[in-house]
Every structure is written in structure tokens, then in C-alpha cells.
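Commentary on secondary and tertiary structure
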Amino acid sequence: MCRNIRRHVIEMTYEAGSGHPGGSLSSTEIMVSLFFQVMRHDPQNPKWDLRDRFILSKGHVAPVYYAALAESGYFPVEELKTLRKLGSRLQGHPAYGKLPGVEMSTGSLGQGLSVACGMALAARLDGLDYRVFCLCGDGEMQSGQNWEAGMLASHYKLDNLVAILDRNRLQSSGLTEETMSLEPLADKWRAFGWNVLEVDGHDVRQILNACELSRSMKGPSMIIADTVKGKGVSFMENNCGFHGRCCTCDEREKALTELEARQ
Amino acid sequence: MTTAAQRSYFGKALVELGRARQDIVVLDADLATSTKTSDFASAFPDRFFEVGIAEQNMIGTAAGLAACGKTVFASTFAVFATGRCWDQIRQSIAYPGMNVKVVSTHCGISVGGDGASHQALEDLSLMRTMPNMTVISPADAEEAFKATLAMADWHGPCYMRMGRADFPLITGKEDEFQIGKANIMKEGKDVSIVATGQMVALALDAARILKEGGVNAEVVNMSTLKPLDTETLADSLARTRCVVTAEEHSIIGGLGSAVAEYLAENENYPLLRVGVKDSFGESGTPDELMHKYGLTAENIALSAKMVIGKKTKKRKGFLWRK
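Just so you know, these numbers come straight off a predicted model, no measurement behind them. (Residues numbered from 1 in each chain as written. Chains lettered and ligands numbered in written order. Predicted model: local features only at pLDDT ≥ 70, side-chain atom pairs only at ≥ 80, totals over all residues. Heavy atoms only, no water.)

1. A closer look at the nonpolar core
Here is the rule we go by: What we call a nonpolar core is a set of buried Ala, Val, Leu, Ile, Met, Phe, Trp, Tyr and Cys residues that are connected through their side-chain atoms within 4.5 Å. A 1.4 Å probe rolled over the protein chains alone gives each residue an accessible area, and that area as a share of the maximum for its type sets the label: buried under 20%, exposed over 50%, partly exposed in between. Numbering of helices and strands runs from the N terminus, with a helix taken as a DSSP run of H or I at least four residues long and a strand as a DSSP run of E at least two residues long. Residue ranges labeled as domains rest on an automatic or database domain assignment. In this analysis, two residues are considered to be in contact whenever any of their non-hydrogen atoms come within 4.5 Å of each other.
Of all hydrophobic cores here, the largest spans 82 residues; its most connected members are Leu158, Leu161 and Trp189 of chain A together with Leu27 and Tyr159 of chain B. Looking at which element gives the most residues to this core, the answer is helix H5 (residues 112–126) of chain A, with 9 residues. When we break this core down by domain, the ones giving at least three residues each are domain 1 (3–168) and domain 2 (183–315) of chain B. Each residue touching Leu158 of chain A, except ones within four places of it in the same chain, is listed here: Cys117, Ala120, Leu121, Arg124, Leu152, Ala153, Gly219 and Pro220 of chain A. In this structure, Ile10, Leu25, Leu56 and Ala70 of chain A belong to the second largest nonpolar core, which totals 49 residues.

2. Here we look at the pairing of strand E2 (residues 24–28) of chain B
All names here are of chain B. Operational definition: In short, DSSP must find at least two bridges between two strands for them to pair.
Most of E2 is tucked away: 5 of the 5 residues are buried. Every second residue of E2 is oriented toward a common face, with Ile24, Val26 and Asp28 on one face and Val25 and Leu27 on the other, all of them buried. Taken together, the 5 bridges between E2 and strand E4 (residues 71–77) define a ladder with parallel strand orientation. Along E4, the bridge assignment pairs Val26 with Phe73. The pairing of E2 with strand E3 (residues 48–50) spans 3 bridges and is classified as parallel. Looking at the pairing, Val26 lines up with Phe48 of E3.

3. Brief notes about the domain arrangement of chain B
Residue and element names in this part refer to chain B. Counted only if it meets this: Two parts placed together each lose some accessible area under a 1.4 Å probe, and the buried area is that loss summed for both.
Its domain assignment divides chain B into domain 1 (3–168) and domain 2 (183–315). Computed over C-alpha atoms only, the centres of domain 1 and domain 2 are separated by 26 Å. Between domain 1 and domain 2, the residue contacts involve 32 residues of the former and 35 residues of the latter. At the boundary of domain 1 with domain 2, total buried surface from both sides reaches about 2400 Å², with 56% on carbon and sulfur atoms.

4. A short note on the interface of chain B and chain A
Frequently, the measure chosen for interface size is the accessible area removed from exposure when the parts meet. So the rule is basically this: One side-chain nitrogen of Lys or Arg within 4 Å of one carboxyl oxygen of Asp or Glu is enough to make a salt bridge. Residues adjacent in sequence count toward polar contacts only when both atoms are side-chain atoms; beyond that, a polar contact is any pair of N or O atoms within 3.5 Å, and within protein one must be able to donate a hydrogen and the other to accept it.
Every contact between the two is made by 25 residues of chain B and, on the other side, 24 residues of chain A. Of the roughly 2000 Å² buried where chain B meets chain A, counting both sides, 59% is carbon and sulfur surface. Summed over the three residues of chain B that lose the most area to chain A, namely Asn57, Cys68 and Tyr95 of chain B, the buried surface amounts to 26% of that side. A salt bridge links Lys70 of chain B to Asp126 of chain A; the shortest N-O distance between them is 2.4 Å. The interface formed by chain B and chain A holds 10 residue pairs in polar contact (both at pLDDT 80 or more) in total.

In C-alpha cells:
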């Protein structure tokens, strides 16, 4: 499934002529784990009250999100090639109310965790046992609003909130640690009162274990997933050039061939 | 004349809503005793969330609650509610069309001693430009009460502004309030004074001043800025053929601009705008500041006379400007 999702990412962004493949590829195992194992959801009933909620705070990796939604059955896979086209439900960044499965409009970085907090509070108010998952980028941790949300989540003891941080170490301008250093990230989140779980973000088993472990923990959980930007395509790996640009025709061929050859 | 603070009535309305509806949730950012959401907090502690001095997070959290079916009121001072978290309102509330009511207090220059940092003179402009946003500016406390109830029944994003000081009560319990509907407070034929917020009370005073000079002014309470009630506006203008707007806000982007936009595309009537002339405020008593910045009945009356003059000259075929 991960290979399939990656293929979609390469194809969709190539068709669109733009988009963010690098971060999409680093998030692939995380998204596959959530949508095909961890989350309680029903693509045939996207407004089901008891569904787990998912917020894509790093909204620019919409391609991997749409690929996961389509493969889950929220909408036809063929629609993926309409990404970023006029009139498409697949907006460049996720737009609420257009596409089933999208729970909130995102794209302006640093805002998703706050929304996830609100959803986690709503679950408690309604006495429902759904969980809220939020996928964050590492670069967006430079935004102060995340830390406001971090305070709120521990203050209100949001046991049902799980954030996953795609720690691929690259942002638009280059390395996060050179652009605006984030480390020690794990210590920071612990200091904010969160459970911190560190995993290899390309090892599905580790991601599943962490999600399961967080279920029994008190307070909000932050899963820091160590990843490689552009994972799966050699010339895209650790290359921040592919943060916000798609493959050329040749690159697309090479990428698809490489993905085909991988096990 | 009896006066009352809009925020006190807002607080009472929230409690009434909270009692009637389980879906009402209220958020505040360390100003609950000032915005009066504290009334709701005392009555329904489980449905009130203090977020601390973190307005951006308050807006995102409100959006998340709304996405799960809650009708959310999020309150703080207007400078913070609209300025500090404009992008959060745009991305997480207006764009997805979340059912969140951003309700601010401490609007305008009558905030007084706190000075310019706390006097919102741009909030209407900031909210009016945002797609999907309904913008309400009640004239007095009674209207603030009714508008709060009305917003709860109005699905989608809303912004409502209120003042800090006590304002004259110029509407009654029995008067109708409808979002998107302007009310004619006094009929007249010589000039339309279209006002919002506490300036409606001053517009009525201005009409009394004008009457002594033989001018019969019409006073329109434009309590919703968006959607603008252009029907009532057009009717009034058909009678008076000139207009003065009055708002406790910058003349850029608020009521004056909204009316100017309408006029520019639809009608050829002269307009003068009473409001703060593209400047920040300062410290002082509310009265001192309202006088210094020209937000008085006398100034509205003077502007009315001037705009009537423009109307006459135009009709006779003279050019107003040389």
C-alpha cells in the first residue's frame, strides 16, 4: 500500500504541475498506518459521530492525504489526477466541505493542532470515545500557535489527542536546524506535559505500537516520527528542492521505476 | 436617558442560550470578566473553556469544537479578536464556514484610558473583507442581547463588536432585530444619517439638533454591516438623496466604506463619512476622546448640513469641485 500511495503522489503532482511531493513521501507510512490500521472510520459514512478525527496540520502534503482517502474508499482513485485543477474537489491544500473525509481546511501552517484540541474537547463534552489524530510538520513547530495548543492540551488533559510529528528535518529553505533550530524537540514537548514517543517514521510496526501505547496513556501524546524527506525515491531523498516542486517528465519515469523495483 | 453596557447584556444572553441549548460552548482568552463571558462560565463551567492569553489557539480550538457540532462563541477585546488572529479566523473559521461567533468588546475610541493599543478602529474593516463572514454592530445593549440570540440561530461564521462603556438604550425589548436588516429609527426627508453602534444614539441627537434648524433628517440603524441592507439604504436615499455615515471606527473599511461602495456602483448621491480619520486613538476619558476625534452629535449635524449643500449644488448643475 505504501508503494501504491507513493506512486499516486508522484503521478498526481506531476499531472498537477506543482505540489509538495517531498513531505508527502516522508509521511506515507504514517498516513497508511492511520488510515488502514489505527483509525476507526467508515469511508461510506464520513460523518459518522464515532469516527476518529484526522487533521492534516501540514496541509501542503495534501497529495498523500488525498491518496490515502481515495485508497480508503472516500472517493474514486481516478479523481486523484484532478489535483489542483480548476473545479476539482482536490484543492492544492485541503478544503473542508468539498471532499468527504477532510475534517478541516488547512494549509496555513501551525494551526491544525489547535483545531485538533477543539475536537478532542468536543469528544469529552459529548461523552464520545473517538480519538483525534493530527499530523504536524517539523518546520511548522517554529510557529508559536503550536505551543499555545500544546499548553491547552495538557492543561485540559486531552487523553484522546495524538499528534504525530513528521520529523524529516527539512523545510522550504533547507535544514530545520539551520533555518530555525527546533531541538531538543522531545524535551520541549515533555516539558509541555505531553507523552513523547519516538519512532522510525518509515516502520509501520513502530508507528502502530506507538499509537496503541498512547491509547492507555494519560494526557496528550506526541509521536515524533523520524523520517526522510522524499523517502522511496533516491534522488528526492533529503533533497529540499522537492519540498515544493514536482517531478519533470524524466524524473517521473525514474521515480516510478524505482518505486516499482522496491519491495 | 438610561444607559447600559452591551457586554453585560451579551453575558446575560449567553446564559439564556446556555440554558436553552446544550450545543452552546464559550471560549475566552483571560478577559472573561471584562467580556462578561464570566456569567456563562459560572452558570455552565463544563461548557466554558479558558484558553489563557492565546487568542490564535482560541480561534483554532473554537473551529475544532464547531466542526464537531458545537455552536461556539469566542470572545476577547476587538484588537486581539480581529487583528492578532485574523489569519486563524480566515483559515479555520471563514474558509471552512465553521459555526463560530467571534464576539468582541472594547471597540472604538470610547475604550478610554487604555489608549490606542486597546482601541479597535479597524475591526469592522478586517472582518468585512473576509468571505463567508457576517458582521454585526449593535446600537445598544438591548440589540446586543438580541443579536447574540440571533447569531446562535444563524448558521455560519459571525463577528459582533461591542463597546466597553455604557451606551444609551435607544431600542426597546419589543423592537425587532434581524441580522441583515437595518432599522429606520426616525423618518426624515432631507438627509439620511446611516449609523452603527453607539453612533446611532448620537445620530438621533444630531437629528434633534438639525430639526431646530429646520432640517428633517432620517436616522438609519445599520446594525449589520455585512450583508449590507442595501434595500433599506436605497429606500432611504430615494427620499433624502444624500447621506452621512457615522461609526466609531476608521472611515476606511467600515460602514462609511460599505455605503460608499454601494453608492459608487448604484447611486449618484453625495456622501460624507463621520468616523476616525485614519489615525490611532490615545488615552483620555471616553467623552474627551469622542469630542477630540469628532464623534459627536454636533459633528454629525454639521456633516449633514454640508452634504445637503452638496446635494443642492449638484441638482442645480454646478460642479461641487472647481
